Amino acid sequence: MKLVVIMYLEEDQQAVRRLLTREGVEVFSEVGVRGHGRGAPGWYGDVAPYRSGMLMAFLPPERADALMEAIRGCEGCQDAGHPIRAWQMDVERSVASGG
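Residues numbered from 1 in each chain as written. Predicted model: local features only at pLDDT ≥ 70, side-chain atom pairs only at ≥ 80, totals over all residues. Heavy atoms only, no water.

Draft legend 1. Region of interest: the sheet that holds strand E2 (residues 29-35). Spatial strand order, E2-E3-E1-E4: four strands in an open sheet with antiparallel pairing. Each edge of the sheet is formed by a strand with only one pairing partner; in this case those strands are E2 and strand E4 (85-90). Adjacent strand axes in the sheet meet at a mean angle of 20°, parallel and antiparallel pairs treated alike. Of the pairings in the sheet, the one linking strand E1 (residues 2-9) to strand E3 (residues 50-59) comprises eight bridges and is antiparallel in character. By the bridge assignment for E3, Tyr-8 is matched with Gly-53. Of the strands in this sheet, E1, E2 and E3 touch helix H1 (residues 13-22), which is tilted by about 150° from E1. Relative to E1, helix H2 (residues 61-73) is tilted by about 20°, and along the sheet it contacts E1, E3 and E4. (Pairing = 2+ DSSP bridges. Helix = DSSP H or I, 4+ residues; strand = E, 2+ residues; numbered from the N terminus. Axes fitted to C-alpha atoms, helices over the stretch in contact; angles between N-to-C directions. Contact = heavy atoms within 4.5 Å.)

In structure tokens form, the structure reads like this:
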């Protein structure tokens, strides 16, 4: 089992949803997050927080690999400086309550 975590700007949420649909990912968890960064050259302090989303999906290895490749090929983000990013991790162990 693999865990794929995807981060994206709020403005790209529909593009991410379309990508998941194309790749057959029907079960996932999604949360809103606020990203922070340092100021650019010539600016002092931090930049305004980014309205972002984070999505997590547990997938079989071959589906996780396919999703990662689909994300790599995804174009047309609202802000080229903030692409859709994804991380794939091995799930070492899983348990559920009640048994």
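Draft legend 2. Main features of the pairing of E1. The buried fraction of E1 is high, at seven of eight residues. Note that E1 and E4 share six bridges and pair antiparallel. Residue Lys-2 lies in a different strand from E4, and its bridge partner there is Asp-90. (Buried < 20%, exposed > 50% of the residue type's maximum accessible area, 1.4 Å probe, protein only.)

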